[in-house]
Amino acid sequence: PYLAYPHVRRDESVVEDIHGRKIPDPYRWLEDEHSPQTKAFVDGQNRLFESWMDQTVGEQKRDEVRARLRTMYNYEKWGCPS
């Protein structure tokens, strides 16, 4: 099936110097989970996934996969003490 991937901006200006080596990080902007650009990218990825699920497995199976994913990711989590 045809999948329309969302556009991903590459920011070629972000380059780190790690122990004397220049390491480009063109997707650093995606680390800001609160930015409108990151949210738009994630929304596009979610639409892509939903489209793929609709085209390949159908609504009933999609709901089963969604329920299974929720089960897998719904576990007790800990964070750093504050």
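Predicted model only: the values in this text are computed from it and were never measured. (Residues numbered from 1 in each chain as written. Predicted model: local features only at pLDDT ≥ 70, side-chain atom pairs only at ≥ 80, totals over all residues. Heavy atoms only, no water.)

Student: I'd like a description of the overall build of the protein, backed by residues and values.
Tutor: When you go through the protein residue by residue, the secondary structure sums to 2 helices and 2 strands. Its helices and strands taken in sequence order, the protein reads β-β-α-α from the N to the C terminus. Taken over C-alpha atoms, the radius of gyration comes to 18 Å for the protein, far larger than the 12 Å a tight globule of 82 residues would show. The buried share among the 82 residues of the protein stands at 12%. Of the contacts made within the protein by residues no fewer than 6 positions apart, 29% connect residues no fewer than 24 positions apart. When the accessible surface of the protein is split by element, carbon and sulfur atoms take 54% of a total near 7,200 Å². For the protein, the separation between the mean place of its 13 positive charges and that of its 15 negative charges on side chains is 2 Å. (Helix = DSSP H or I, 4+ residues; strand = E, 2+ residues; numbered from the N terminus. Rg over C-alpha atoms; globule rule 2.2 N^0.38 Å. Buried < 20%, exposed > 50% of the residue type's maximum accessible area, 1.4 Å probe, protein only. Contact = heavy atoms within 4.5 Å. Areas by Shrake-Rupley, 256 points an atom, 1.4 Å probe, with all protein chains shown as cover. Lys, Arg positive; Asp, Glu negative; His and termini not counted. Charge placed at Lys NZ, Arg CZ, Asp CG, Glu CD.)

Student: Explain helix α1 (residues 36–56) residue by residue, including any values.
Tutor: Given a rise of 1.5 Å per residue, 21 residues ought to cover 30 Å, and the 30 Å separating the end C-alpha atoms of α1 matches this to within 8%. Turning to α1, its buried residues are Thr38, Phe41, Gly44, Leu48 and Met53. Looking at the packing, one finds that the buried side of α1 touches α2 (58–73). Following α1 by one or two positions, Gly58 has its phi on the positive side, about 85°. (Expected span 1.5 Å × (residues − 1).)

Student: Lay out the confidence of the model for the protein in plain terms, naming residues and giving numbers.
Tutor: On average, the protein scores 89 in pLDDT, and the residues at 70 or more come to 99%. Between the elements of the protein, mean pLDDT differs from a low of 86, seen in α2, to a high of 97, seen in strand β2 (residues 21–24). (pLDDT = per-residue confidence, 0-100.)

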